[in-house]
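If you want the building blocks of each chain, they are given just below.
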Amino acid sequence: MAKNAKPRADAALLEIRVIPRSPRTRVDGVRGAAILVRLAAPPVDGAANDALIGFLSDTLAIPRRDIVIVSGDRSRDKRVRVAGIDTAAATARLLRSQ
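Residues numbered from 1 in each chain as written. Predicted model: local features only at pLDDT ≥ 70, side-chain atom pairs only at ≥ 80, totals over all residues. Heavy atoms only, no water.

(A) Focus on the side chain of asparagine 49. On the secondary structure map, asparagine 49 appears in helix H1 (residues 47-60). When residues no more than four places from it in sequence are discounted, the contact partners of asparagine 49 are Ile69, Asp73 and Lys78. (Helix = DSSP H or I, 4+ residues; strand = E, 2+ residues; numbered from the N terminus. Contact = heavy atoms within 4.5 Å.)

Written out as structure tokens, the structure reads:
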């Protein structure tokens, strides 16, 4: 998986703070500059990262293949690139899903 943090005009670059092992997967507002996403998945063997990509794919109606974690694989603080949508639209959709 190519990891390129350079934002493109046709891609959103999102700052996301993940809280794993939550009762359910959902957006829970903003913390600092990051969108707070609570995940039901545990942070084991990439399960939380997979759950985050799946959640973003479903919520934003973007194919999984167009979503890449560009930094923070092993951290709660992640930068995620989402192709096919701009940052403002992606942020608005995620915050509306609360």
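(B) Representation of the sheet that holds strand S5 (residues 77-83) within the structure. Spatial strand order, S2-S3-S1-S5-S4: five strands in an open sheet with mixed pairing. The open sheet has two free edges, formed respectively by strand S2 (26-31) and strand S4 (67-71), since each of these has just one partner strand. Here the strands of the sheet are splayed against their neighbours by 40° on average, with no regard to which way each runs. Relative to strand S3 (residues 34-38), strand S1 (residues 11-19) runs parallel, the two sharing four bridges. In the sheet register, valine 18 faces S3, and the bridge partner there is valine 37. H1 rests against S1, S2, S3, S4 and S5 of the sheet, and its axis sits at about 130° to S4. Where helix H2 (residues 87-96) meets the sheet, its contacts fall on S1, S2 and S3, and the angle it forms with S1 comes to roughly 35°. (Pairing = 2+ DSSP bridges. Axes fitted to C-alpha atoms, helices over the stretch in contact; angles between N-to-C directions.)

(C) Molecular detail of the nonpolar core. Counting 22 residues, the largest nonpolar core has Ile16, Val37, Leu52, Leu56, Val80, Val82 and Leu94 as the members making the most contacts within it. Top element by residues in this core is H1. It accounts for six residues. (Core = buried A, V, L, I, M, F, W, Y, C linked by side-chain atoms within 4.5 Å. Buried < 20%, exposed > 50% of the residue type's maximum accessible area, 1.4 Å probe, protein only.)

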